[in-house]
Amino acid sequence: MGALLQPFPVTATLVSPMGSSLQICIHSGLVVGNESGGRYSALPLRKPLSTNWPGDCKASELRYHLGSKNYDRRRRDFGSNTKKGTPHLMNRQHTIPKLSSTSKNRRFSVRVSMGSFSVDDLSRPHDSLFLGFDSSTQSLKATVLDSNLNIVTSQLVHFDSELPHYKTQDGVYRDPAVNGRIVSPTIMWVEALDLVFQKLTKSNLDFGKIAAVSGSGQQHGSVYWKKGSSAILSSLDSKRLLADQLSDAFSIKESPIWMDSSTTAQCREIEKAVGGALELSKLTGSRGYERFTGPQIKRLFETQPDLYNNTDRISLVSSFMASLLIGAYASIDETDGAGMNLMDIKQRAWSKIVLEATAPGLEEKLGKLAPAHAVAGQICSYFVERYKFNKDCLVIQWSGDNPNSLAGLTLSTPGDLAISLGTSDTVFGITKDPQPRLEGHVFPNPVDIESYMVMLVYKNGSLMREDVRNRCAEKSWDLFNKFLQQSPPLNGGKLGFYYKEHEILPPLPVGFHRYIIENFTGETLEGLNEHEVQEFDPPSEVRALIEGQILSMRAHSERFGMPSPKRIIATGGASANQTILNSVASIFGCDVFTVQQTDSASLGAALRAAHGWLCNKKGSFVPISCLYGDKMDKTSLTCKLAVTAGDQQLVSKYSLLMKKRMEIENRLVQKLGRC
Ligand code: XUL
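Each chain has its residues counted from 1, running along the sequence as written. Per-residue local features of the predicted model are confined to residues with pLDDT of at least 70, and side-chain atom pairs are confined, for both listing and counting, to 80 or more; whole-chain, interface and lining totals are unaffected and use all residues. Each side-chain value is derived from all of the structure's non-hydrogen atoms; neither hydrogens nor water enter the calculation.

A. Quick peek at the layout of surface pockets. Using a 1 Å grid laid over the protein atoms alone, points where a 1.4 Å probe fits but cannot get out form a cavity; open sets with protein on both sides within 12 Å along at least 5 of 7 lines form a pocket; any residue with an atom within 4 Å of a point counts as lining. Grid points are joined across faces, edges and corners, and a volume is the space filled by probe spheres set on the points. Of the voids in this model, the second largest pocket is the one considered here, and its volume is about 810 Å³. Contributions of two or more residues to the lining of the second largest pocket are made by β13 (139–146), α14 (401–408), β29 (416–421), α15 (462–472), α16 (477–486) and α19 (600–618). Partitioned by chemical class, the residues of the lining of the second largest pocket number 9 nonpolar, 20 polar and 7 charged. Secondary structure counts use DSSP, requiring at least four H or I residues in a row for a helix and at least two E residues in a row for a strand, with both numbered from the N terminus. Three classes are used: nonpolar for Ala, Val, Leu, Ile, Met, Phe, Trp, Tyr, Cys and Pro, charged for Asp, Glu, Lys and Arg, and polar for all others, with Gly counted as polar.

Shown next, in the form of structure tokens:
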């Protein structure tokens, strides 16, 4: 690994002795400041060479001089503040030594001399490829990136239509016998893996060039390996399909998935065991949620103890798919592990108290946790022999679909908000200081070891939009969009709550509720009453659904403490719909961007494959930005402006509508909600 020597630009935060702070880009030049009333004004003297962090830098010397003509010159070696090899030098805070009172209102200067930095060679072999999967509710998708992070090919297996013998609907079975029970056949996911590999083979993909594979799995879904399965897994015969060999490997053949809502009792019991819902949220990042894996496991143990006892290992969908690739049980990654109500998010370790409240002997069945950027193992001989992978190809830990989307959308700062409009709708952002509450979830960031992702989830996403399209717009998206354009913003005060499935946020059962706020113009709510109605005309129904979904996202993300977005990145199938994005920009009042490819989860997984490969090469964690540096625009990760921020007056009117919506929602939850 060669080391390059190059001068290097740095961003420093200079904190004034009076406590005000100022962010200045310092180059190997001079920054002039002028303190007056506790504020600095400063301007960099030279144009930045680049504002990008080129990799892991070892500062050999970084010094500044502080002083004015009559003021004592000070020198300080930044090295004392800077750990060798620390990749986060860039945003470090350096406090200027307290100025004597005589220095007040005087000009002073700060000179930063860069010395030299040694930058490790973090490049990827130019012909290497990175493969990312997304094992989602309705399909298995694969995306391949080249070493410049451009998509080479992508392939998809749609479960309902391409694996019809499983007779799933939208990839799942809804159990008519047990209210809220929703599962998927585990073996279908196994069969889909060979099928997608066959499609990749037909697309002439050279598997030998794939340096690393990673993946994304629908969050929370679980797989139960029967005792004795690890032997089958470690001796897969490359001449037979995986599904033929693994059909008897599971103690439970139907995996509970994220749509399941049958575990309310178990959620409450686990919350009680740790001192309440908020305590569970502070400990594990979320209060007890029906779809989370801990309550699912508890229900299994309580209702089918024999099957639980006959289970050797419990995987998440993500670690399950990784297990197939390495031919051994893969660890659960810390990010997806946080979607189980079982992991202490601060320690990133299983929480003993919750494990005990869930089921006996659980720790052993879960195995160890691993960071998302870690290597799960090398690809197993099945894939080397059958598809001609290089035997050195690495399998990087798989993670959940939302965390992978966060990576694929390259969310980087707290003002970035992502809205994913898919089977489920999710809203997520980044924070360094998570404050878990009763609503929403906190997970470790899969591509950064210091920050967390915060997220809200709606179950009634695309399935509900499709339902309204089918009922009101003759099953046509064109007509649906026409109705949305025809109806006025604010919908004349019409508000709708549509839950085709038990909703997660707010926790309401199946049902539709429609209200009209009389004489609503958006100026005031004072003196205005709303009344319930049975139906709206088709254009109003379409707008009530879309505005309702977006108002709820804005209301709950504000309540959850997410910063007001500076920009929104929209992804998922419905982000291709410009009329829906217009409503997003009007309601949130900020610019909306879209990405080149709507499946950010498999793209994020391919990117994480490259990231994990790089961390492995380096022998330690490397910031993900090292992968694209200042070349993001030249990669498939780039996003483009889709809609500019809406008119601010309209945003304020939507604030009032949102307030009213939340009042009605709270009433509905009190009356009908699951406690
Ligand atoms: C997240 C969630 C859904 C699934 C969809 O908590 O339940 O977004 O991940 O696959």
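B. Quick look at the sheet that holds strand β37 (residues 591–595). Whether two strands pair depends on DSSP finding at least two bridges between them. On the basis of which strands lie adjacent, the open sheet formed by 7 strands has the order β31-β32-β30-β29-β36-β37-β38 and mixed pairing. Each edge of the open sheet carries a strand with a single partner, namely β31 (441–444) and β38 (639–643). Averaged over all adjacent pairs, the angle separating strand axes in this sheet is 30°, with direction ignored. With 4 bridges joining them, strand β36 (residues 567–571) and β37 adopt parallel strand pairing. From the neighbouring strand, I569 faces β37, where its bridge partner is F593. Note on definitions: a residue-residue contact is assigned when non-hydrogen atoms from the two residues lie within 4.5 Å. Note on geometry: axes are lines fitted to C-alpha atoms, helical ones only across the stretch in contact, with angles between N-to-C directions running from 0 to 180 degrees. Along the sheet face, helix α18 (residues 578–588) touches β29, β36, β37 and β38 and points at about 80° away from the line of β38.

C. Spatial organisation of the pattern of salt bridges. Basic side-chain nitrogens of Lys or Arg form a salt bridge, by our definition, when they fall within 4 Å of a carboxyl oxygen of Asp or Glu. If you walk through the whole model with that rule in mind, you get 30 salt bridges. A salt bridge links R386 to D194, with the nearest nitrogen and oxygen atoms 3.9 Å apart. Highlighted residues: R386 in helix α13 (residues 381–387) and D194 in helix α2 (residues 186–202), separated in sequence by 192 residues. Using a 1.4 Å probe on the protein chains alone, a residue whose accessible area is under 20% of its type maximum counts as buried, one over 50% counts as exposed, and one in between counts as partly exposed. By relative accessible area, which is 2% here, D194 ends up buried. K653 serves as the salt-bridge partner of E523, at 3.4 Å between the closest nitrogen and oxygen. Note that E523 is positioned in the loop between β34 (511–517) and β35 (530–533) and K653 in helix α21 (residues 648–672), a separation of 130 residues in sequence. Residue class for E523 comes out exposed when judged on its relative accessible area of 57%. Take K653: its relative accessible area is 22%, and that puts it in the partly exposed class. Linked through salt bridges whose partners overlap, the residues forming this network are D467, R471, R514 and E541.

D. Main features of the site of the ligand. If a single non-hydrogen atom of a residue is within 4 Å of a molecule or strand, that residue counts as near it. In the vicinity of the ligand, the contacting residues are Q218, Q219, H220, W258, R291, D401, N402, S424, T426, M455 and V457. Throughout this description, a polar contact denotes any pair of N or O atoms lying within 3.5 Å of each other; where both atoms belong to protein, one of them has to be capable of donating a hydrogen while the other can accept it, and for residues adjacent in sequence the pair is counted only when both atoms sit in side chains. Measuring from an oxygen atom of the ligand, one finds a backbone N or O atom of Q219 at 3.2 Å. The contact in question runs from an oxygen atom of the ligand to an N or O atom on the side chain of H220, over 2.5 Å. We get accessible surface area from the Shrake-Rupley algorithm with a probe of 1.4 Å; when it comes to residues, only the shown protein chains can shield them. Coverage of the ligand by the protein amounts to 97% of the 290 Å² it exposes when considered alone. Assessed atom by atom at 2 Å from the grid points, the ligand resides in the second largest cavity. Among the elements of the structure, α14 and β32 (452–458) are those that each provide at least two residues to the shell around the ligand. Tallied by class, the residues present in the shell around the ligand amount to 3 nonpolar, 6 polar and 2 charged. Assignment to a cavity or pocket requires that more than half of a molecule's atoms be within 2 Å of the site's grid points.

E. Structural detail: the packing of aromatic side chains. In this analysis, rings of Phe, Tyr and Trp, with Trp reduced to its six-membered ring, are considered paired at centre separations within 6.5 Å, and the interplanar angle assigns stacked below 30 degrees, edge-to-face beyond 60, and tilted for intermediate values. Summed over all chains, the structure comprises 20 aromatic pairs. Ring geometry for W225 and Y329: centres 5.5 Å apart, planes at 55°, overall tilted. Placement of W225 in strand β18 (residues 222–226) and of Y329 in the loop between α9 (317–326) and β22 (332–333) is noted, with a sequence separation of 104 residues between them. With a relative accessible area of 18%, Y329 lands in the buried category. With centroids separated by 6.3 Å and ring planes inclined at 25°, the aromatic side chains of F383 and Y387 adopt a geometry described as stacked.

F. Geometry of the pairing of β18. Most of β18 is tucked away: 4 of the 5 residues are buried. Looking at chain direction, β18 and strand β21 (residues 311–316) are connected through 5 bridges and run antiparallel. Considered in β21, the bridge of K226 is made with T311.

G. Broad picture of empty space enclosed by the protein. Within this structure, the stated rule accounts for 6 cavities of 30 Å³ or more. Considering only enclosed or pocket space, the largest cavity measures out at about 140 Å³ in volume. As for the largest cavity, its lining consists of 17 residues, of which Y458, Y498, Y499, Q549 and R661 are closest to the centre. Listed by contribution, the elements that provide at least two residues to the lining of the largest cavity are β33 (494–499), α17 (538–559) and α21. For the lining of the largest cavity, the leading source of residues is α17, giving 5 residues.

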